[in-house]
Amino acid sequence: MSYEDGVPSKAYVYYADDRLNQIIPQPITIGSDECDIRIYRLKIYNKNLSTEAVMRNFIADARSTT
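**Remarks on the overall build of the protein**
For step 1, the next point in the chain: A count of helices and strands for the protein gives one helix and two strands.
For step 2, the next point in the chain: Put simply, the protein runs from its N terminus to its C terminus through helices and strands in the order β-β-α.
For step 3, the next point in the chain: Here the C-alpha atoms of the protein give a radius of gyration of 15 Å, more than 25% beyond the 11 Å that 2.2 N^0.38 yields for 66 residues.
For step 4, the next point in the chain: Counting across all 66 residues of the protein, residues that qualify as buried make up 5%.
For step 5, the next point in the chain: Summing over all exposed atoms, the protein offers an accessible surface of approximately 6,900 Å²; the carbon and sulfur share of this is 51%.

Here is the structure:
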């Protein structure tokens, strides 16, 4: 699931034969010469978060809860 400003925006389908782990872990690299997207904050977790946990996390980092 992808979230934008704490709001679910897109679900991604993974199939049984998809591999989501790396045999040799590599660092996350963001950016390229063709990239025009700005990422202001990126969080990565080593476990699945519930929708409620995502919302609590977003509220904790928000400038205002209104």
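**Notes on the environment of Tyr3**
For step 1, the next point in the chain: With respect to the helices and strands, the residue Tyr3 is situated in strand 1 (residues 2-4).
For step 2, the next point in the chain: As a C-alpha pair, Tyr3 and Val54 span 51 residues in sequence and 8.6 Å in three-dimensional space.
For step 3, the next point in the chain: Beyond its immediate stretch of four places on either side in the chain, Tyr3 contacts Pro8, Ser9, Thr51 and Val54.

**What about the environment of Ser50?**
For step 1, the next point in the chain: Relative to the helices and strands, Ser50 is located in the loop between strand 2 (7-10) and helix 1 (51-61).
For step 2, the next point in the chain: Overall, the relative accessible area of 41% leaves Ser50 in the partly exposed class.
For step 3, the next point in the chain: A polar contact is formed between the side chain of Ser50 and the backbone nitrogen of Ala53, at a distance of 3.0 Å.

**Thoughts on the layout of surface pockets**
For step 1, the next point in the chain: Taken as a whole, the largest pocket holds about 1,400 Å³ of empty space.
For step 2, the next point in the chain: As for the largest pocket, its lining consists of 29 residues, of which Tyr3, Arg41, Leu42, Lys43 and Tyr45 are closest to the centre.
For step 3, the next point in the chain: Of all the secondary-structure elements, those providing two or more residues to the lining of the largest pocket are strand 1 and helix 1.
For step 4, the next point in the chain: A per-class count over the lining of the largest pocket returns 17 nonpolar, four polar and eight charged.

**Observations regarding the environment of Asp61**
For step 1, the next point in the chain: Of note, Asp61 is situated in helix 1.
For step 2, the next point in the chain: Aside from chain neighbours lying at most four places away, what touches Asp61 is Arg41 and Lys43.

Conventions and cut-offs
Residues numbered from 1 in each chain as written. Predicted model: local features only at pLDDT ≥ 70, side-chain atom pairs only at ≥ 80, totals over all residues. Heavy atoms only, no water. Helix = DSSP H or I, 4+ residues; strand = E, 2+ residues; numbered from the N terminus. Rg over C-alpha atoms; globule rule 2.2 N^0.38 Å. Buried < 20%, exposed > 50% of the residue type's maximum accessible area, 1.4 Å probe, protein only. Areas by Shrake-Rupley, 256 points an atom, 1.4 Å probe, with all protein chains shown as cover. Contact = heavy atoms within 4.5 Å. Polar contact = N/O pair within 3.5 Å; in protein donor to acceptor, adjacent residues only side chain to side chain. 1 Å grid on protein atoms, 1.4 Å probe; cavity = no way out; pocket = protein on both sides within 12 Å on 5 of 7 lines; lining within 4 Å. Points joined across faces, edges and corners; volume = space filled by probe spheres on them. Nonpolar A, V, L, I, M, F, W, Y, C, P; charged D, E, K, R; others polar.

Geometry only, nothing functional implied.
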